[in-house]
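# Observations on chain architecture
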Amino acid sequence: MEETTNLPTVRQAGIRYGLIGGVVSIAFFIIMNVTGDVTAWYWKWIGYLITGVLIFLAHKYYKDNGNGYMAYGQGIGIGVWFGIISSAISSVFSYIYMKFIDSGFADAIKEKAISDMEAKNMSEEQIEQAMKFASMFMSPEAMFIMGLIFGIIGALIIALIVSIFTQKKNPEPTF
């Protein structure tokens, strides 16, 4: 009787780590909130680093539990699935948080943006114009949509980079 093994698919690896990424992003959001300044520049870079590490781990999982190989395109596919799932989870959480838990969250971000612009000696007219534009994107619904779109795009870009280093071509490709 021949033994069959269940090799992970690109989608399975991406979804598995996308779920982990979604939970990690919620924890990360809570940590940012507790520290008090969610708009600090360094949070963005820490988020990119976390995403890169999780995509790396998804690639490692795929290779370790598969045949040991992963083509560049497969790495990108894993990253895209990761982005879809983790962005969906974090965007739903953000929407619920801003809509039902802390409805003043967007206002706090707006106030911080205004104080930052005032510190840069921008005129009242410039600040008003900038905030009029920014306000269109500050509703929970708009932030949900932007979270999905930019989360997937960000994961794709990071996967494009990480896959360069994690790919391992099969010397005997199967067709």
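Residues numbered from 1 in each chain as written. Predicted model: local features only at pLDDT ≥ 70, side-chain atom pairs only at ≥ 80, totals over all residues. Heavy atoms only, no water.

## Quick look at the nonpolar core
In summary, soluble globular proteins display a tendency toward joint burial of nonpolar side chains. Put simply, the rule is: What makes a nonpolar core is a set of buried Ala, Val, Leu, Ile, Met, Phe, Trp, Tyr and Cys residues whose side-chain atoms join them at distances within 4.5 Å. Only protein chains enter the accessibility calculation, which uses a 1.4 Å probe; a residue is then buried when its area is under 20% of its type maximum, exposed when over 50%, and partly exposed in between. Strands here mean DSSP runs of E at least two residues long; helices mean DSSP runs of H or I at least four residues long; both are numbered from the N terminus. Contacts are assigned to residue pairs that have any heavy atoms within 4.5 Å of one another.
A13, Y17, I55, Y62, I78 and F82 are the most contacted members of the largest nonpolar core, which has 15 residues in total. Where this core is concerned, the elements lending two or more residues are α1 (10–35), α2 (41–65), α3 (72–101) and α6 (140–166). With five residues, the top contributor of residues to this core is α2. In this structure, Y17 is in contact with L54, L57, A58, Y61 and F82, ignoring residues within four places of it in sequence.

## Concerning the packing of α1 against α3
Formally: Orientation is described by lines fitted to C-alpha atoms, with helices fitted over the stretch in contact, and by angles between N-to-C directions that extend from 0 to 180 degrees. If you view the pair so one helix is near and one far, a crossing is left-handed when the near helix is turned anticlockwise from the far one by less than a right angle, and right-handed when it is turned clockwise.
Closest axis-to-axis distance for the α1/α3 pair is 7 Å, and the angle between their directions is 40°. Two packed elements cross with a definite hand, and for α1 against α3 that hand is right-handed.

## Concerning the side chain of K63
Quick note on the threshold: In summary, the charge assignment counts Lys and Arg as positive and Asp and Glu as negative, without counting His or the chain termini. We define a salt bridge as a side-chain nitrogen of Lys or Arg found within 4 Å of a carboxyl oxygen belonging to Asp or Glu. In protein, a polar contact requires one atom able to donate a hydrogen and another able to accept it; more generally it is a pair of N or O atoms within 3.5 Å, and residues adjacent in sequence count only if both atoms are side-chain atoms.
With respect to the helices and strands, the residue K63 is situated in helix α2. There is no salt bridge for the buried K63, and the closest opposite charge comes from D64, which lies 6.9 Å off by N-O distance. Polar side-chain contacts of K63 include one of 2.6 Å to the backbone oxygen of T166. Not counting residues up to four positions away in its chain, the partners in contact with K63 are G68, Y69, M70, T166 and K168.

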